[in-house]
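# Understanding the architecture of this molecule
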Amino acid sequence: MENRRQAADRSYNWIIHVVLIAASIVMIIPFGWMILTSFKTVTEATQIPVKIFPSHPDFSSYAKAFEKTDFKHYYLNTAFTALMKTVFPVLFSSMAAYAFARIRFPGRTLLFFVIISVMMVPNPVFYTPQYLLMSKWGLVNSVTALWICALVSPFATFMLRQFFLGISKELEEAAILDGCNPFQTFRHIMLPLVKSALVAIVIIQLLWSWNELQWPLIINSSPDKLTLSSGLATLVSMFSTNYPILMAGALMAVIPMIVLFFIFQKKFIEGVAFSAHKG
Amino acid sequence: MNSRSRYVWAYIMIAPTLLGTVLFWSWPAVYSIYLSFLKSEDFGMVNHWVGLANYEKLFKDKEFWKNLRNTLYYMILFVPLTLVFSTFFAVLLNAKIRGLSAYRVIFFLPQVTMPAAAAMVWVVLFAHDYGLINYVLGTDVAWISDTRFAMFALVIVGVWGAIGLNMLLILAGLQGIPKALYEAAEIDGAVRFRKFRYITLPLLTPTLFFTTIVLMIGATQVFDSIYLLIGKTNVALPEVRSLVYAYYQNSFVYYDQNYGAAIVDMLLVINLILTGLQFAFQKKWVTYD
């Protein structure tokens, strides 16, 4: 009886692996196809019947994508925007989150509600008024416009407050008795305790910023003010069916985040899973 | 330290976030509603109050109803498919098999991939004459330019991108189910499917409900994949155009910000209803934890 059961378990495990491997192949085909197509010539890429592997790997599409569009600026703008949208929200949100979690002050509940209420609003609702604001400040078509509205993050404030609430008060009380002011307590005692939450926030901000399409598309149109996302849209309109160039561009745009993901797998998965609970 | 100077510190520490939020997020949200009651001329230099005129136009506009229908249709296809696949793979991964972390990384890869870039490679895969999908399946379908199939292509891309994260959330839910329950069921001689049906599924409902709402909210805002997979010149665009795409087109291609604001405010209403549902049912399930 026991042996039959073990044998059944083993064959069940075997079936699971077959199913998961098949599914994994389907999941990564788009990446494989992106790489293979980028090394093909245009003729090979649009050949009938389909040619899976290029006969002579052709690397020229990368250079072409780089030269014929402003790819260098796409990279710089995307990286700089991601940096700004990570550093400032983490700095401001952690301070505010600590104050909301641990200091009792008049208006605390109301002000916290003011901040988190915008989390219920879908992003496109903000875009037209933000555009009008940028236009008033003369920032349409500027790198600054890519990040300035995201200097603060209600979402990060909300998540970090939850973390501060979960920390015991004893350490903090000792610091207060020693004469630390609230900022010193926050900086030296509390902030180090939420390090893992800060890492998660950094990863989410980085990833969202890197991959964002709609706002960069709306706010900037000069070629040197685009990001990778909105730059790819330009690439598509320039090279409609020149698939090798399009795929070279797409690959260059996704590589940095994929490399970071491979290096910090666990942190990425934790960070993104954590962000899903924002509702 | 007296409490007054603690207040001062608190206000200083919340000031950047509070001021930034009000200026860049709260005010725009309110202004977006205000805009929908105006008619602007000369790029917003002159505004007239027109009351509900934009909404009257919206409700009479066949295209709006079509776009709303498209958005809901996308949601009805995308959400259940994502849930079924994510639950299926989560259950498989929960069987204590080897290579869990490798599978997890592979399934998660689309999640870190820029949606614009992903949509571009799907265009190549879905291509009619020389696409890999028609070649492998032996079909002859113009996936993204045939009005009958464009929605399915869009849903496939969406599901592909969403399985990884939702599978992990459901897997976390599965791991929270006490092992003792399964052991008890085994003593009673329950088979695998019955264990899933009578233990796993009921105890997983809070997780599934949560993921459903998050997926629904995400589905109402579909834009990136339409913009790059379907494209603005595609004849199938009217069959997949979402509310957000219509908002973008009206506000920033046709420069009718006020009509665009009316469209996006309908999206706001839909999202508030979904968030409301989430809060209402979350309370109901607190006892389960």
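Along each chain, the written sequence defines residue order, and numbers are assigned to residues from 1. Here the convention is simple: chains get letters from A, ligands get numbers from 1, in the order in which they are written. At least 70 in pLDDT is required for a residue's local features to be given in this predicted model, at least 80 for side-chain atom pairs to be given and counted, and no such filter applies to totals for whole chains, interfaces and linings, which use all residues. Heavy atoms throughout the structure, all of them, feed into the side-chain values; hydrogens and water do not.

Attention now moves to the overall build of chain B. Secondary structure summary: chain B contains 13 helices and 2 strands in total. Radius of gyration: over C-alpha atoms. The globule rule applied is 2.2 Å multiplied by the number of residues raised to the 0.38 power. For chain B, whose C-alpha radius of gyration is 24 Å, the value lies well above the compact-globule estimate of 19 Å for 289 residues. Based on the C-alpha atoms only, the size of chain B along its principal axes is roughly 75 × 75 × 30 Å. Think of it in three bands: residues with accessible area under 20% of the maximum for their type are buried, residues over 50% are exposed, and the middle band is partly exposed, with areas taken using a 1.4 Å probe on protein chains only. Counting all 289 residues of chain B, 54% fall into the buried class. In chain B, the share of contacts with a sequence separation of at least 24, taken over all contacts with a separation of at least 6, comes to 65%. When charges are counted, Lys and Arg contribute as positive and Asp and Glu as negative, whereas His and the chain ends are disregarded. Working definition for charges: the position is that of NZ of Lys, CZ of Arg, CG of Asp or CD of Glu. Here chain B holds 21 positive side-chain charges and 16 negative ones, and the gap between their average locations is 11 Å. Every helix listed is a DSSP run of H or I at least four residues long, and every strand listed is a run of E at least two residues long, numbered separately from the N terminus. Residue contacts are defined here by distance: any two heavy atoms, one from each residue, within 4.5 Å place the two residues in contact.

What follows deals with the domain arrangement of chain B. All names here are of chain B. Source of the domain bounds: an automatic or database domain assignment. What the domain assignment reports for chain B is domain 1 (4-10 + 16-49) and domain 2 (53-283). Between the C-alpha centres of domain 1 and domain 2 there is a distance of 32 Å. Contact residues are listed per partner, giving 9 residues for domain 1 and 11 residues for domain 2. Only one rule defines a salt bridge in this text: a Lys or Arg side-chain nitrogen within 4 Å of an Asp or Glu carboxyl oxygen. Inspection of the region where domain 1 meets domain 2 yields 1 salt bridge. Residue K39 is joined to D256 by a salt bridge in which the shortest nitrogen-to-oxygen separation is 3.6 Å. Polar contacts, as counted here, are pairs of nitrogen or oxygen atoms within 3.5 Å of one another; within protein the pair requires one atom able to donate a hydrogen and one able to accept it, and residues that are adjacent in sequence qualify only if both atoms are side-chain atoms. Our enumeration of links across domain 1 and domain 2 arrives at 8 residue pairs in polar contact (both at pLDDT 80 or more). Among the secondary structure elements, those contributing two or more residues to the side of domain 1 that touches domain 2 are α1 (3-35) and β1 (38-41).

According to the stated counting rule, one finds 10 salt bridges over all chains in the structure shown. Salt-bridge contacts for K51 of chain A lead to E44 of chain A; the nearest nitrogen and oxygen are separated by 3.4 Å. For K51 of chain A, a relative accessible area of 26% puts it in the partly exposed group. One salt bridge connects E239 of chain B with K66 of chain B, and the closest N-O pair in it is separated by 3.0 Å. Taken together, the residues span a long stretch of sequence, with E239 of chain B in helix α11 (residues 237-240) and K66 of chain B in helix α3 (residues 62-93) at a distance of 173 residues. Overall, the relative accessible area of 26% leaves K66 of chain B in the partly exposed class. Overlapping salt bridges bring together K39, K57 and D256 of chain B as one network.

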